[in-house]
Amino acid sequence: MTDMEFPPNQGLDQEEVDEQVEDVIENNEVVLFMKGTELMPQCGYSRKALGLIDSHRDEFETVDVLDSLGEFRTALENHSGWETIPQTFVDGEFVGGSDVLEELEERDELAETLNAE
């Protein structure tokens, strides 16, 4: 018997999502939690955040939150205080959503933020 007997898109339980969020933030320099995937962003804000990060970084992690949106919102809010998606983390620190990335880009600070040593 396997654990994978639930139908697709039923989502993960909160504990699994909490652990995944924790691991991904801890183990990647730059992480974007977004709706959809790099190849198929599912909302304009996620697409904008992806484009902004992509213009400065070759390597970063993306996490598609759509399968368990409610659980990801809860897990991310515990980390950042925000419920909205997308969310960007650099070196384990919450940076912001697409609006914040856009402001940093306008101030020529985004490259520096994303490549934080």
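Right above here is the structure, for reference.
Note that this is a predicted model, so its numbers are computed, not measured. (Residues numbered from 1 in each chain as written. Predicted model: local features only at pLDDT ≥ 70, side-chain atom pairs only at ≥ 80, totals over all residues. Heavy atoms only, no water.)

A.B. asks: So what's going on with the environment of V65? Which residues, and what values?
C.D. replies: With respect to the element layout, V65 can be found in the loop between β2 (61-64) and α3 (69-80). Accessibility expressed as a relative area gives 0% for V65, which makes it buried. It is 9.1 Å that separates the C-alpha atoms of V65 and T37, two residues lying 28 residues apart in sequence. (Helix = DSSP H or I, 4+ residues; strand = E, 2+ residues; numbered from the N terminus. Buried < 20%, exposed > 50% of the residue type's maximum accessible area, 1.4 Å probe, protein only.)

A.B. asks: Residues and numbers for the pattern of salt bridges, please.
C.D. replies: Scanning the entire structure with this criterion turns up 3 salt bridges. Where E29 meets R57, a salt bridge forms, and the shortest distance between an N and an O atom there is 3.2 Å. Note that E29 is positioned in the loop between α1 (14-27) and β1 (30-34) and R57 in the loop between α2 (44-54) and β2, a separation of 28 residues in sequence. The class of R57 is buried, set by a relative accessible area of 10%. The salt bridge involving K48 is made with E102; its shortest N-O contact spans 3.5 Å. Linking K48 in helix α2 with E102 in helix α4 (residues 98-106), this pair joins segments that are 54 residues apart in sequence. (Salt bridge = Lys/Arg side-chain N within 4 Å of Asp/Glu carboxyl O.)

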